[in-house]
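# Fold and contact review
The primary structure of each chain is shown beneath.
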There are 2 protein chains.
Amino acid sequence: MSSIETSFNNLLVVGSMAFDAIETPFGKTDKIIGGAASYIAISAALYNVAVKIVSVIGNDFDENFLAELTRRNIDLAGVEKKLDQKSFFWSGKYHNDMNSRDTLITELNVLADFNPILPTPYTDVDYLLLGNLSPSVQSSVIKQMTIRPKLIAMDTMNFWMEIALDDLKHTLSLVDILIVNDEEARQLSGTYSLMKASKIIREMGPKYLIIKKGEHGALLFYDDKVFSAPGLPLEEVFDPTGAGDSFAGGFMGYIASKDNIDFETMKQAVIAGSVTASYCVEKFGTERLLQLSPENIAIRREEFKALGSF
Amino acid sequence: MSSIETSFNNLLVVGSMAFDAIETPFGKTDKIIGGAASYIAISAALYNVAVKIVSVIGNDFDENFLAELTRRNIDLAGVEKKLDQKSFFWSGKYHNDMNSRDTLITELNVLADFNPILPTPYTDVDYLLLGNLSPSVQSSVIKQMTIRPKLIAMDTMNFWMEIALDDLKHTLSLVDILIVNDEEARQLSGTYSLMKASKIIREMGPKYLIIKKGEHGALLFYDDKVFSAPGLPLEEVFDPTGAGDSFAGGFMGYIASKDNIDFETMKQAVIAGSVTASYCVEKFGTERLLQLSPENIAIRREEFKALGSF
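What you see is a predicted model; the values in this text were computed from it and never measured.

Along the backbone of chain A there are 11 helices and 14 strands. Relative to the 2.2 N^0.38 estimate, which gives 19 Å for 310 residues, the radius of gyration of chain A is 18 Å and therefore close to what a compact globule would have. Overall, chain A is about 55 × 45 × 40 Å in size when its C-alpha atoms are taken along their principal axes. The long-range share in chain A, meaning contacts at least 24 apart out of those at least 6 apart in sequence, stands at 66%. With the model as given, the accessible surface of chain A reaches about 11900 Å², and the carbon-plus-sulfur share is 50%. Charge centroids of chain A, computed over 29 positive and 41 negative side chains, lie 3 Å from each other.

Rendered as structure tokens:
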């Protein structure tokens, strides 16, 4: 269960690549690498799948980071570089409890008119993960697939529920799994009970729903089954940025590596996502994820097993 | 694991017996039976242990409820009846999220000068559970024990941290397990991280710490080990009153029935507490707990097992 298998299954990741400037009670950063696709790709690649990224960057992006991704066998042919614009930039400050944050700056830049055209070899991937983007961009990617992937997962956020609910509902009708946090699940369903919310959301399209609960773990809903993954109690959450994306990346990386979507594999994949997310928050940005070895992954998976078994 | 064994181990429960008037988004009650000792005793008795209660009631208490407890083999010789006073009365209103509530009325009545004197056969019980009471009352009970129980557990609340912190710290130095919720653990330790809080609190005395997280389950800390029990996702939480007490009662009832305090038994006991608490919230007050059969307990224990296993 803790072994990591080599696999040639493809995982296509569509999402932002960005600069973030982050302030937490533990310190602050200058511009560092961020963006959903960055966290997702690094996390998924830990499970030895062939990750391809579709994203957009500006003339200021970090070439060293791109080289680092390439060394991890991550295919960047779908990363468009706009030479006349800057990369997406986000700056935020976390409150003391680390559960809430204020956005200080959002500069969309290249992301403002992001309209991804998939390179031909990308249109028949096995697995597709749509990071948090406008629902119309997400659905346009699905429509470019010439063969439907075995599994399509998506993230979203409150913002899209508020300004593009109809688009979001259309995209939801096209995917297999929605991955959101508890607050987002409550807003999307209009109900507080997560059990009720899971039914309402799955009637919108996705057969599977994952609700991330931060330090409290995650819930996986499918049919009449529920799985609860524990949250690993940590001494410190240093920087929560990217935790949700590294969860999604670890989850889909595991699924693609096993090339299996039965419920037992999904449960293991939720643990895989919990493992990468729990490492992600230990340092700023992608720093900790970039240090991880297969041994680190195996060790923490065992910690999760010990934590929840009775 | 799902079987319930007959046992002659004693569990002494010290706590309030009260009237509550409760308002939730689902409805409101007149005065119904409440109080920590009521919830604890009913829950513990489901695990076939010989429960004894030390408490105090007024001239207005419900004789039918006392008869119901006696039918469950719960010993009421330590329940003092003050004929010239009324029973403790609490009234509260829950907010829509069910996670917070406003206290509308607190009439201490008989509880104001509660100073329990233990009947002689109560001073050498095997297991002792101190419900939420003033820390000086809790420690006075411990000092009346002629033989130290195999395990002493206690509950407390923010109120005592604010007005009687020194007394609370003294009582903590005398017990084996503290059972509190996450907010209380954070206030008592002065730190947000539950991992850090668990160390600080255990340095105050109790070797074991249980942190209840409501819908998110519970954490058990001992030595360098942590166990995370999942929260059962429920369609509705009808009335959260007594959930914490029914958790504590199920927990200690299970421990006493097994007459074992190793970590594996403790983990099973946390699940037992989660089972009774999850039933408790399904109806107002003690109503649901009073309907439960051994089969109900076994069924829900299996639900918890399925929920968290991977």
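There is more to say, and it comes next.
This next bit is on the sheet that holds strand β11 (residues 177-181) of chain A. Residue and element names in this part refer to chain A. Taken in spatial order, the nine strands make up an open sheet running β6-β5-β1-β9-β10-β11-β12-β13-β14, and their pairing is mixed. Both outer strands of the open sheet, β6 (75-82) and β14 (225-229), are each paired with one neighbouring strand and no more. On average, each strand axis in the sheet is inclined to that of its neighbour by 15°, with strand direction left out of account. Of the strand pairs in this sheet, strand β1 (residues 10-14) and strand β9 (residues 127-130) are connected by four bridges, and their pairing is parallel. Counterpart to L12 in the pairing with β9 is L128. Sheet strands in contact with helix α7 (residues 194-202) are β11, β12 (208-212), β13 (218-222) and β14, and its direction is about 50° off that of β13.

With that settled, the discussion passes to helix α11 (residues 294-308) of chain B. Here α11 of chain B is 15 residues long and its end C-alpha atoms lie 22 Å apart, about the 21 Å a rise of 1.5 Å per residue gives. Where α11 of chain B is buried, its residues contact β14 and α11 (294-308) of chain A together with α8 (243-258), α9 (263-280) and α10 (287-291) of chain B.

Okay, the interface of chain B and chain A next. Listed by partner, the interface residues are 32 residues for chain B and 32 residues for chain A. Summing both partners gives a buried area of about 2900 Å² for chain B against chain A, and 53% of it is carried by carbon and sulfur. In this assembly, chain B and chain A are joined by six salt bridges. Taking the shortest distance from any N to any O, the salt bridge between K196 of chain A and E236 of chain B comes out at 2.1 Å. Counting the contacts that link chain B with chain A gives 16 residue pairs in polar contact (both at pLDDT 80 or more). Of all the secondary-structure elements, those providing two or more residues to the side of chain B that touches chain A are α6 (182-189), α7 (194-202), β14 (225-229), α9 and α11 of chain B. Ranked by residues supplied to the side of chain B that touches chain A, first place goes to α11 of chain B with five residues. When its residues are assigned to classes, the side of chain B that touches chain A shows 14 nonpolar, seven polar and 11 charged.

Let us look at the relation of the copies chain B and chain A. These two copies of the chain differ by a rotation about an axis and a displacement along the same axis. By a simple turn and slide, chain B fits onto chain A: the slide is 0.0 Å along the axis, the RMSD is 0.0 Å, and the turn is 180°. Here the two chains are linked by the operation of a two-fold rotation axis. In terms of proximity to the rotation axis, the leading residue of chain B is H216 of chain B, whose C-alpha is 3.0 Å off the axis. A shared interface surface links the copies, since 100% of the contact residues of chain B are contact residues in chain A too.

Procedures and definitions
Residues numbered from 1 in each chain as written. Chains lettered and ligands numbered in written order. Predicted model: local features only at pLDDT ≥ 70, side-chain atom pairs only at ≥ 80, totals over all residues. Heavy atoms only, no water. Helix = DSSP H or I, 4+ residues; strand = E, 2+ residues; numbered from the N terminus. Rg over C-alpha atoms; globule rule 2.2 N^0.38 Å. Contact = heavy atoms within 4.5 Å. Areas by Shrake-Rupley, 256 points an atom, 1.4 Å probe, with all protein chains shown as cover. Lys, Arg positive; Asp, Glu negative; His and termini not counted. Charge placed at Lys NZ, Arg CZ, Asp CG, Glu CD. Pairing = 2+ DSSP bridges. Axes fitted to C-alpha atoms, helices over the stretch in contact; angles between N-to-C directions. Expected span 1.5 Å × (residues − 1). Buried area = accessible area lost by both parts, 1.4 Å probe. Salt bridge = Lys/Arg side-chain N within 4 Å of Asp/Glu carboxyl O. Polar contact = N/O pair within 3.5 Å; in protein donor to acceptor, adjacent residues only side chain to side chain. Nonpolar A, V, L, I, M, F, W, Y, C, P; charged D, E, K, R; others polar. Least-squares fit on C-alpha atoms with pLDDT ≥ 70 in both.

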